[in-house]
Amino acid sequence: MPERQDPYRGFIYTSFQERATKISHGNVGKLAAGAGDPVLARICARIAGDEARHEKAYQLFVQRVLEIDPDVCPRFGAGTLSPPLH
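Basis of the calculations
Residues numbered from 1 in each chain as written. Predicted model: local features only at pLDDT ≥ 70, side-chain atom pairs only at ≥ 80, totals over all residues. Heavy atoms only, no water. Helix = DSSP H or I, 4+ residues; strand = E, 2+ residues; numbered from the N terminus. Buried < 20%, exposed > 50% of the residue type's maximum accessible area, 1.4 Å probe, protein only. Contact = heavy atoms within 4.5 Å. Areas by Shrake-Rupley, 256 points an atom, 1.4 Å probe, with all protein chains shown as cover. Lys, Arg positive; Asp, Glu negative; His and termini not counted. Salt bridge = Lys/Arg side-chain N within 4 Å of Asp/Glu carboxyl O. Patch = residues over 30% accessible without salt bridge, like charges linked within 9 Å, V, L, I, M, F, W, Y side chains within 5 Å. Expected span 1.5 Å × (residues − 1). Polar contact = N/O pair within 3.5 Å; in protein donor to acceptor, adjacent residues only side chain to side chain.

### Points about the overall build of the chain
The helix and strand inventory of the chain stands at three helices and zero strands. Taken from the N to the C terminus, the helices and strands of the chain come in the order α-α-α. Counting all 86 residues of the chain, 24% fall into the buried class. Restricting the contact set of the chain to residue pairs at least 6 apart, pairs at least 24 apart contribute 75%. Here the chain has roughly 5800 Å² of accessible surface; of this, 62% comes from carbon and sulfur atoms.

### Notes on the side chain of Glu18
As for its position among the elements, Glu18 is in helix H1 (residues 9–34). Within the buried core, Glu18 has no salt-bridge partner, and the shortest N-O distance to an opposite charge, that of Lys22, equals 9.8 Å. Not counting residues within four places of it along the chain, the set of residues in contact with Glu18 comprises Glu51, His54, Glu55 and Tyr58.

### Things to note about a nonpolar patch on the surface
A grouping of Val28, Val39, Leu40, Ile43 and Ile47 is seen on the molecular surface, where their side chains present a nonpolar patch of about 360 Å² in accessible area. In terms of residue count, the dominant contributor to the nonpolar patch is helix H2 (residues 38–68) (four residues).

### A look at H2
With 31 residues, H2 extends 45 Å from end C-alpha to end C-alpha; this agrees with the ideal 45 Å at 1.5 Å per step. Looking only at H2, the buried set comprises Ala41, Cys44, Ala48, Glu51, Glu55, Val62 and Val65.

### Here we look at the side chain of Thr21
Tracing the chain through its elements places Thr21 in helix H1. Overall, the relative accessible area of 17% leaves Thr21 in the buried class. At 2.6 Å, the side chain of Thr21 forms a polar contact with the side chain of Glu51.

Listed below in structure tokens is the structure:
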């Protein structure tokens, strides 16, 4: 099966993507708080919390994938972070 069509790829990519959006929204919230915008800071903190929950779910999915198919990560190599085909 071509690498970009592997069904596990979406779970692996999304686990990294959720972490990145969690960090990004958290950082924007800190900047908003520092700029005196507590409403935006709270909104960003809430979104970051949602992203953290998504990250945890996808980490569990990937953990299960690795239990089922421990050779999945070496198949993807450095290309893992590029979005999968939809």
